[in-house]
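Understanding the architecture of this molecule
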Amino acid sequence: MPSPTPPSGTDAADLAALGIDIGGTKVAGGVVAPDGTVLATARRATPGSSVQETEDAIAAVVEVLARGHDGPLVGVGVGAAGWFDRTGDTVLFSPHLAWRHSALRKDLAARLQRPMWLGNDADAAAWAEYRYGAARGADLALMITLGTGIGGGIVMDGRLQRGSHGVAGEWGHMRVVPDGRLCACGNRGCWEQYASGTALGQTAREVARSSPAAAAMLLERVDGDPDRLSGEHVATAAAEGDPLALELLTEVGSWLGQGIADLAAVLDPEVVVIGGGVSVLGEMVLGPARERLDRALPGRGFRPGPRVVAARLGAEAGMVGAADLVRRAVAEGQA
Ligand SMILES: [Zn+2]
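Read on for a plain summary of the structure. (Residues numbered from 1 in each chain as written. Predicted model: local features only at pLDDT ≥ 70, side-chain atom pairs only at ≥ 80, totals over all residues. Heavy atoms only, no water.)

Turning next to unusual backbone geometry. Even without being a glycine, His101 presents a positive backbone phi close to 50 degrees. Turning to its location among the elements, His101 is positioned in strand E7 (residues 100-102). Residue classification places His101 among the exposed residues on the basis of a relative accessible area of 61%. One non-glycine residue, Asp179, lies in positive phi territory at about 55 degrees. (Helix = DSSP H or I, 4+ residues; strand = E, 2+ residues; numbered from the N terminus. Buried < 20%, exposed > 50% of the residue type's maximum accessible area, 1.4 Å probe, protein only.)

In structure tokens:
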């Protein structure tokens, strides 16, 4: 690979960096310029069941991008769908990948030989929206990513806040329904079981089983088999005006708004950015979320609440944020 020597802190801010986003199904990487522009991308499937193969996929994406880039690279930022310790050395737990107390930094450092930043994917996305997107310049910004589950990130006073143990912002696992739906984290009734893409599919299946007549239009999409209904089916049906699908999106949006009201009670954010796959549904989810927030905000009518806005950086937020975080870490002598 070219440029194995870390650049000095003084010029790091002007150099491109690699950003890697690791989800449950793929490793996506990009060469990212200091202004947030993605100059090139590469991807590999994530073999979720194997730590070794996931790390192979990361190394392969880094190699392809580094070989194709003409010029120095400041380092590699890695945002992954997992809970990291505060230093980013260890993945404590990943509900959808194989990491369990895995020494990811050590493993990757040996293979990549480059400065690194490692952390949670939603943290990286939060940072990207703060630096270049919908939360630019906010004193206190929260990111909520709606996908398979709910991810979260906090940027306060110009710093990403990772918590004392690295796992701040995991509000997808706030309990919103006592003894509710079982969650991959081991608890029941977590917020992400009611306000995520997975939740959308589960609610659709429940309604289709109990009220097949009401769900006739949805069931047509899956040859009458309610077990095959997913969040994507609901999203497509809603875009085509299916009233039940729209109602299900309203329900997910309403759960989202209630959770934001609870977060506002704790953190009083200036802006809450909604990203992740479900956020492409835009106002069909955000509208009901704002309505619920208006009704549920503690002290409503007597205090300002947060702005709730759609993410601007889309699917590239994780890689853009991770790249900028390694750039910043090198500039501060922390990588
Ligand atoms: Zn949970």
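A rise of 1.5 Å per residue sets the reference length of helix H8 (residues 243-267), with its 25 residues, at 36 Å; its end C-alpha atoms lie 35 Å apart and thus fit the reference within 8%. At the N-terminal boundary of H8, the capping side chain belongs to Asp242, with an oxygen 3.1 Å from the backbone nitrogen of Leu244. Immediately downstream of H8, the backbone of Asp268 shows phi near 50 degrees, a positive value. (Expected span 1.5 Å × (residues − 1). Polar contact = N/O pair within 3.5 Å; in protein donor to acceptor, adjacent residues only side chain to side chain.)

Before going further, it helps to examine the packing of aromatic side chains. In this description, a pair of aromatic rings is defined by centroid distance and the angle of the planes. Counted according to the given criterion, the structure contains three aromatic pairs. A centroid spacing of 5.5 Å and a plane angle of 80 degrees characterise the contact between Trp83 and Phe93, whose relative ring orientation is edge-to-face. Placement of Trp83 in strand E5 (residues 83-84) and of Phe93 in strand E6 (residues 91-93) is noted, with a sequence separation of ten residues between them. Seen in terms of ring centroids, Trp127 and Tyr130 are 5.2 Å apart; in terms of plane orientation they differ by 40 degrees. Their pairing is tilted. Within this pair, Trp127 and its partner Tyr130 are both found in helix H4 (residues 121-132), separated by three residues, close to a single helical turn. (Phe/Tyr/Trp six-rings, centres within 6.5 Å; stacked < 30°, edge-to-face > 60°.)

Further remarks concern the coordination of the zinc ion. All of the protein donors around the zinc ion are His173 (ND1), Cys183 (SG), Cys185 (SG) and Cys190 (SG); their distances to the metal are 2.1 to 2.3 Å. Because the angles between the four donor atoms bound to the zinc ion fall within 103 to 121 degrees, the donor set is best described as tetrahedral. Along the chain, the residues donating to the zinc ion are arranged with the sequence spacing H-x9-C-x1-C-x4-C. When its relative accessible area of 6% is taken as the criterion, Cys183 is described as buried. Judged by its relative accessible area of 1%, Cys190 is buried. (Donors = N, O, S within 2.8 Å, 3.2 Å for Na, K, Ca; no water. Tetrahedral: all angles 85-135°; square planar, octahedral: opposite > 155°, others 65-115°.)

The next point concerns the sheet that holds strand E10 (residues 150-156). Two orientations exist for strands paired in a sheet by backbone hydrogen bonds: parallel and antiparallel. As summarised here, the arrangement of the five strands in space is E11-E10-E9-E12-E13, forming an open sheet in which the pairing is mixed. One side of each edge strand has no neighbouring strand; the edge strands of this open sheet are strand E11 (159-160) and strand E13 (307-310). Bridge count for strand E12 (residues 271-275) against E13 is four bridges, and the pairing is parallel. Each bridged residue has a counterpart across the sheet, and for Val271 the counterpart in E13 is Arg307. Helix-sheet contacts for H4 involve strand E9 (140-146), E10, E11 and E12, and the interaxial angle to E10 is about 45 degrees. Contacting E12 and E13, helix H9 (residues 283-296) runs over the sheet at an angle of about 170 degrees to E13. (Pairing = 2+ DSSP bridges. Contact = heavy atoms within 4.5 Å. Axes fitted to C-alpha atoms, helices over the stretch in contact; angles between N-to-C directions.)

Read these as geometric descriptors, not functional statements.
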